[in-house]
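Listed below, chain by chain, are the residues.
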Amino acid sequence: MKIDAIFDNGRIRTMDGQRPAATRLGVLNGRIVGFDEELEGVTAERTVDLGGAAVLPGFHDAHYHASLTGARLASLDLRPGVIDSLDELYVAVRERAAGLGPNEWIRGSGYDQNIIGGHPTARALDQVSGGRPVLLEHVSGHMIVANTEAFTRAGYPGGYGVPEVDGGHVARTPDGRAEGLLQEQANRLIYAVVRPMALEEVQRNLALASHQAVSFGLTSLTEPGLAAWETIGNSPVDFHSYQVASETGVLKPRMTLMPYVTTLHNVPGFKDRDWYGLDLGIRTGFGGDRLKMGPVKIVSDGSFIGRSAAMHHCYHGEPENKGFMQFDPDALKRMIVGVHKAGWTVATHAIGDAAMDHAMDGIDEAQRQLPRPGVRHRIEHFALASDAQIQRAAALGIIPVPQGTFISDFGDGMMAAVEPELQNRIYRMKSLLNAGIVLPGSTDSPVSNGNPLRSIHDMVNRTTASGQVLAPAERLTVAEAVRAYTYGSAYAVNEEHNKGTLSRGLLADFVVLSEDLFGIDPAGIRDVTVRTTVIGGEVVYNDGDLPAPGATTQVDPIAAHRL
Ligand SMILES: [Zn+2]
């Protein structure tokens, strides 16, 4: 018998209890057909020598914004470490402007006013932009700065006449002119000019994100919220954009896409029941191995470090502020019940413990009205949780989707945002496992960097940027963190029968690492790199560093990079 490929001489951890370790793996039609002695006497079109390197199932980020990640990569990088002062920022904008046409937008992202000494201003940006419009995004994604030409294009000549926006803020000079900074809902005033995004721009962004993702060993991604372009997504036809990118190979990882809830509507034509969904009755689970319809996404509250997430307690030092809900709790419940009854899985963004309770009330009510045992409704982030809330989530069959990297990126800010006695309730992962919940892994890229090895590092070490250990009892073992990033994320989209472990019959998606995560000091996990990424038995990324093959064919790095 001849199969497509044999990957030989690897230290393969399958994460499958039936056969935890192997050295050879055979592939036919993109799936695993056997290991080691099962391949005796079998020949293959290609044999790849893995050089004794460590192999794991491909990583799967359960909450990863692909097009936004690409947009960040395409724009001027203003993150701390790259830009550390306002002067450096203005110089960088001037240099970017010099390479652009006279009418093109200058886009930048990632600045932090705490580091650079304040927010940029419209007037100062006007000096360095040569008449071009400028749009800079804050590192949090919750604030932007625009220059005068950008306000003029938005219909406010010279920055005058900019209206107040509910749920937002417009910074102004004493004479009422927009100063540059916009917050929350006010960001729409400028985004309305640059969106919906052209299809070509979405393709470019997806290509950039895909290239980075495969270099990180990501073989599957779950995209949390598309097609509602005024709030989340790029254009009203985002699913088309992702389908094109997947078909053409621009987008390599397998994708599960979530439509945003406002793209759903009452589908007329049923005399006997309401149907809240998409036309044709398309819903969660539709699609194939490369591209699949995921849950419907609902954003119920705000941000933890932005102190807008809906909490039961006031934020530390702010006796009036408990955050707020984006939807009235009854409206949220109606939406959850409606989509549940139409066969959807629902993924609700809820960071504050009050928002989490409202989301769980909705799921509880939905299951009461129409029991759907085994449906895996999700709560994205699940950031501040009591023991009782974890037990309730487990009882309702809910999958919480926390982010590992938030611990090093935002851990200090989150700890400062709550009373000290609540700090041990932040991003609890061990407690979720102890309650019997299957835990996924994610980063919320580009909010945090999408590298899964950084995220696994944080799940194991839980060390913040300042060196504190955030809720030490919640540290995971390496095995638990890796399982979250493989099996757990697959389970969160009902795909564990298809991927998440390296087992016979499952997709041949795996990653070759510079070191065995299980054999090193956990403090060094974040420094481990990806040598090769394989999706469906095809090498999609290779750092060109595989050891010289013996009598076997070496992976062609040029072909591997043909993205
Ligand atoms: Zn997100």
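All figures in this text were calculated on a predicted structure; none of them were measured in a lab.

Things to note about the overall build of the chain
What the chain contains, in helices and strands, is 16 helices and 26 strands. Computed over the C-alpha atoms, the radius of gyration of the chain is 24 Å, within 12% of the 24 Å expected from 2.2 N^0.38 for a compact globule of 563 residues. Expressed along its principal axes, the backbone C-alpha trace of the chain runs to roughly 80 × 60 × 55 Å. Contacts in the chain between residues far apart in sequence, at least 24 positions, make up 70% of those at least 6 positions apart.

A few points about the packing of helix H7 (residues 199–215) against helix H8 (residues 238–247)
Relative to each other, H7 and H8 sit at 50°, their axes nearing to 10 Å. With respect to H8, the axis of H7 lies oblique. The crossing of H7 and H8 is right-handed. Note on element contacts: H8 touches H7 through Ser241, Val244 and Ala245, opposite Leu199, Val202, Gln203 and Leu206. Of the residues belonging to the contact of H7 with H8, the class tally is five nonpolar, two polar and no charged.

Notes on unusual backbone geometry
With the exception of glycine, the majority of residues adopt a negative phi angle, and the majority of peptide bonds are in the trans configuration. A cis amide bond links arginine 195 to the next residue, proline 196, at an omega of -5°. Structurally, the position occupied by proline 196 is in the loop between helix H6 (188–194) and H7. A cis amide bond, omega 10°, links serine 445 with the succeeding residue proline 446. Relative to the elements of secondary structure, proline 446 occurs in the loop between helix H13 (430–434) and helix H14 (452–461). The phi angle at aspartate 36 is positive, at roughly 40°, despite the residue not being glycine. Assignment of secondary structure puts aspartate 36 in the loop between strand S5 (31–35) and strand S6 (43–49). The partly exposed category is assigned to aspartate 36, around which 14 C-beta atoms lie within 10 Å.

Focus: the domain arrangement of the chain
For the chain, the domain assignment lists domain 1 (2–58 + 502–560), domain 2 (66–194) and domain 3 (295–491). Listed by partner, the interface residues are 10 residues for domain 1 and 11 residues for domain 3. Its residues assigned to classes, the side of domain 1 that touches domain 3 comprises nine nonpolar, no polar and one charged.

Focus: the packing of H14 against helix H15 (residues 478–491)
Two packed helices can be described by the angle between their axes and the distance between those axes. With their axes 9 Å apart at the nearest point, H14 and H15 run at an angle of 140° to one another. Between H14 and H15, the crossing angle belongs to the class labelled oblique. In the crossing of H14 with H15, the sense of the turn from one axis to the other is right-handed. Contacts between H14 and H15 involve Pro452, Ile456, Met459 and Val460 on the former and, on the latter, Val478, Ala481, Val482, Ala484 and Tyr485. Here the contact of H14 with H15 is composed, by residue class, of nine nonpolar, no polar and no charged.

Definitions and limits used
Residues numbered from 1 in each chain as written. Predicted model: local features only at pLDDT ≥ 70, side-chain atom pairs only at ≥ 80, totals over all residues. Helix = DSSP H or I, 4+ residues; strand = E, 2+ residues; numbered from the N terminus. Rg over C-alpha atoms; globule rule 2.2 N^0.38 Å. Contact = placed C-beta atoms within 7 Å. Axes fitted to C-alpha atoms, helices over the stretch in contact; angles between N-to-C directions. Parallel < 35°, antiparallel > 145°, perpendicular 65-115°, else oblique. Left-handed = near helix turned anticlockwise from the far one by under 90°. Nonpolar A, V, L, I, M, F, W, Y, C, P; charged D, E, K, R; others polar. Buried ≥ 20, exposed ≤ 12 C-beta atoms within 10 Å, placed from the backbone. Domains from an automatic or database assignment.

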